[in-house]
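# Descriptive analysis of the structure
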Amino acid sequence: MTDGSLPTTFRVDDVSLLVTVPIPSTPVLFGVGGPTSVPERGSAQYNAIVVYSDGSVQSVTPSWSFSGPGTISSSGFLNAGSVSSDTAATVIGNYSGFPALNYPITIVNVAPLYTSLAISGPSSMNENSTAQFTAAAIYSDGTSQSASASWSVISGPGSISTSGLLTVGEVS
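To keep things clear, this report deals only with the structure shown in the data block. (Residues numbered from 1 in each chain as written. Predicted model: local features only at pLDDT ≥ 70, side-chain atom pairs only at ≥ 80, totals over all residues. Heavy atoms only, no water.)

Bringing the packing of aromatic side chains into the picture now. Evaluated as defined, the whole model comprises 5 aromatic pairs. Seen from their ring centres, Phe-30 and Tyr-95 are 5.8 Å apart, and the 20 degrees between their planes marks the pair as stacked. With Phe-30 in strand β3 (residues 27-33) and Tyr-95 in the loop between β11 (87-94) and β12 (101-108), this pair connects stretches of sequence that are 65 residues apart. Using a relative accessible area of 5% as the deciding quantity, one classes Phe-30 as buried. With relative accessibility at 26%, the residue Tyr-95 sits in the partly exposed group. (Phe/Tyr/Trp six-rings, centres within 6.5 Å; stacked < 30°, edge-to-face > 60°. Helix = DSSP H or I, 4+ residues; strand = E, 2+ residues; numbered from the N terminus. Buried < 20%, exposed > 50% of the residue type's maximum accessible area, 1.4 Å probe, protein only.)

What follows is the structure in structure tokens.
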């Protein structure tokens, strides 16, 4: 008998045979790959491989889980959640015969972008009166923030102060 690791010579009567039994390839390494950072509310694909003792590599589908803001599908597709600052998270791959592999990533906080300016105030006024107007910056995440505006009257009777107070006099 032989363990298959070395060539073995068999002799039957006057005939010698040299037999080499190949060593079966066995899985020796499990690896996970994908982006190490994902923007909040973004997505990313994660993949896994197994390396065998003969050097061959095979793509595999592990059991995926995720520790952090977001979700990961059974195919390794990550949907990141919202974060208020850069946040550490972990993509976890489990594959038969190997310990769970933790792949650290960062969910990156994305600063909202300015999209528009909203002006608030009355749409009509009585003569000889005042009204306050305000401005707010609107951002891509739906939030708004009070904005400092440079006010001016383009046409019509009246004047507006630097704080947005519109004064209308008598209309003739």
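Tallied over the entire structure, the rule returns 1 salt bridge. Put simply, Glu-40 and Arg-41 hold a salt bridge, and the shortest N to O gap is 3.1 Å. (Salt bridge = Lys/Arg side-chain N within 4 Å of Asp/Glu carboxyl O.)

With that settled, consider the environment of Phe-98. Residue position: Phe-98 is located in the loop between β11 and β12. When the C-alpha positions of Phe-98 and Val-50 are compared, they lie 9.8 Å apart, and in sequence the two are 48 residues distant. The residues touching Phe-98, leaving out its near neighbours within four places in the chain, are Pro-27, Val-28, Leu-29, Phe-30 and Val-50. (Contact = heavy atoms within 4.5 Å.)

Turning our eyes to something else, we now look at the pairing of strand β15 (residues 134-139). In the sheet, strand β13 (residues 114-120) pairs with β15 via 6 bridges, with the strands oriented antiparallel. Note on β15: the bridge partner recorded for Ser-120 is Thr-134. Across 4 bridges, β15 lies against strand β16 (residues 144-147) in antiparallel orientation. Paired with Ile-138 across the bridge in β16 is Ser-144. Hairpin geometry of β15 and β16 is characterised by an intervening segment of 4 residues between the two adjacent antiparallel strands and by a positive phi of about 90 degrees at Gly-142. (Pairing = 2+ DSSP bridges.)

What follows deals with unusual backbone geometry. Even without being a glycine, Arg-41 presents a positive backbone phi close to 60 degrees. In this structure, Arg-41 sits in the loop between β4 (37-39) and β5 (43-45). In this structure, Asn-128 takes a positive phi of about 55 degrees despite not being glycine. Topologically, Asn-128 is positioned in the loop between β13 and β14 (129-132).

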